[in-house]
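Chain and residue survey
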Amino acid sequence: MTIDTLSEQSSFGGRQGFYRHHSQETGTAMRFAVYTPPQAATAPVPVLWFLAGLTCTEENFTVKAGAQRVAAELGLMLVAPDTSPRGEGVPTDPEHAYDFGLGAGFYLDATEAPWSTHYRMYSYITKELPALIGAHFPADMARQGITGHSMGGHGALTIALKNPDTFQSVSAFAPIVAPSEAPWGQKALGLYLGADRARWAEYDACALIRAGCRGPLLLVDQGEADPFLAKQLQPERLEDACAQATQPLLLRRQPGYDHSYYFIASFIEDHLRWHAQALRAD
């Protein structure tokens with residue numbers, strides 16, 4: 001469980017680092033970013049995971065969201081993994097589409113060839129990378145929250161719902177809440193998991209809630225000017241599923257905001273404070 005340090009920079013009294021390691025789950029080198037706040041110099045700190053969306057890497061959130069200042073104030077460690085395996089021999093969409101393959105791992109464990117060899121992002125995020133973080137960073141792994149954007153919002157919701165004993169807080173920005181009913185998700189789930197829609201339900205937040213999975217109060221921000229709102233994101237499906245299952249949900253529709261990192265940067269402080277409150281040491 002060794003890691004290579006690619007770069008580290010001082011940031012608001014803490015350290016922003018970029019790292020690489022060889023993943024047993026994906027069979028490839030994987031990159032990730034960690035912001036270690038100044039409070040970690042004296043004691044382990046809670047961890048907030050950020051899962052990025054389609055086409056992104058560990059750099060998008062780290063560079064664009066402006067989260068380090070507030071994370072330093074609150075004493076939160078920020079962990080941003082990549083969105084898929086990469087490298088020579090890793091298959092991708094044969095037509096080089098942006099919504100499948102490289103940069104589009106959908107935070108699941110693929111079961112269909114040729115994807116099943118490398119596309120194991122669910123196990124990577126829930127097992128391998130947390131073990132690495134716990135071994136190499138001053139992280140309090142008993143206090144973890146998770147958030148994400150778009151495809152990463154889908155990942156955050158499904159991972160939290162399936163692992164309620166691990167994640168004490170969960171939020172999302174413009175998540176794909178019902179991938180089984182959206183074109184992005186139907187393409188990815190069909191290719192990664194095959195035609196059996198029962199397998200798809202294992203990675204669909206609305207289906208998981210209907211099946212009995214529960215989490216803490218969910219915070220979801222959705223821009224009303226998001227071009228993907230009606231066709232791909234469909235937050236009303238999450239609203240309905242949570243209402244029928246009495247799963248607590250705070251869905252905030254934000255007028256004028258789109259799908260970009262300007263949207264995330266506008267509300268990241270709210271989310272960080274939300275997670276910090278849930279993860280505080282009593």
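See the structure above.
As a starting point, this report considers the structure included with it. Remember, predicted model here, so these are calculated numbers, not experimental data.

This paragraph deals with the overall build of the protein chain. Looking only at helices and strands, the protein chain features 10 helices and 9 strands. Computed over its C-alpha atoms, the radius of gyration of the protein chain comes to 17 Å, within 12% of the 19 Å expected for a compact globule of 282 residues. Principal axes of the C-alpha set define a box for the protein chain whose edges measure 50 × 45 × 35 Å. Relative to its 282 residues, the protein chain shows a buried fraction of 56%. For the protein chain, the proportion of contacts with a sequence separation of at least 24, taken over those separated by at least 6, is 73%. Of note, the protein chain has its 21 positive side-chain charges centred 2 Å away from the centre of its 30 negative side-chain charges.

Here the focus is helix 4 (residues 151-162). For helix 4, which comprises 12 residues, the first-to-last C-alpha distance of 17 Å matches the rise-based estimate of 16 Å (1.5 Å per residue) to within 8%. With 11 of its 12 residues buried, helix 4 lies for the most part within the structure. M151, G152, G153, H154, G155, A156, L157, T158, I159, A160 and L161 are the residues of helix 4 that are buried.

Here the focus is the sheet that holds strand 9 (residues 249-254). Taken together, 9 strands build an open sheet; the order of strands is 1-2-3-5-4-6-7-8-9 and the sheet is mixed. Of all the strands in the sheet, just strand 1 (4-11) and strand 9 have a single pairing partner and so form its edges. Strand-to-strand twist across the sheet, computed as the mean angle between neighbouring axes with direction ignored, equals 20°. Across the sheet, helix 9 (residues 235-245) lies against strand 8 (218-223) and strand 9, angled at about 155° from strand 9, the strand it touches most. Each of strand 4 (45-51), strand 5 (77-81), strand 6 (139-148), strand 7 (167-173), strand 8 and strand 9 touches helix 10 (residues 261-279); the most contacted strand, strand 7, lies at about 165° to it.

Let us now look at helix 5 (residues 183-193). Taken together, the buried positions of helix 5 are W184, G185, A188, L189, Y192 and L193. Taken down its axis, helix 5 places every buried residue within 105° of arc, on the same side. Where the residues of helix 5 are buried, they touch helix 6 (197-200) and helix 8 (229-233). In the segment just after helix 5, G194 is the residue with positive phi, at about 90°.

Moving on to the pattern of salt bridges. Tallied over the entire structure, the rule returns 18 salt bridges. Across the pair E73 and R273 runs a salt bridge, and its minimum N-O distance is 2.9 Å. Residue E73 is found in helix 2 (residues 68-74), and its partner R273 is found in helix 10; the two are separated by 200 residues along the sequence.

Rules used throughout
Residues numbered from 1 in each chain as written. Predicted model: local features only at pLDDT ≥ 70, side-chain atom pairs only at ≥ 80, totals over all residues. Heavy atoms only, no water. Helix = DSSP H or I, 4+ residues; strand = E, 2+ residues; numbered from the N terminus. Rg over C-alpha atoms; globule rule 2.2 N^0.38 Å. Buried < 20%, exposed > 50% of the residue type's maximum accessible area, 1.4 Å probe, protein only. Contact = heavy atoms within 4.5 Å. Lys, Arg positive; Asp, Glu negative; His and termini not counted. Charge placed at Lys NZ, Arg CZ, Asp CG, Glu CD. Expected span 1.5 Å × (residues − 1). Pairing = 2+ DSSP bridges. Axes fitted to C-alpha atoms, helices over the stretch in contact; angles between N-to-C directions. Arc of directions from axis to C-beta. Salt bridge = Lys/Arg side-chain N within 4 Å of Asp/Glu carboxyl O.

That is the geometry; function is a separate question.
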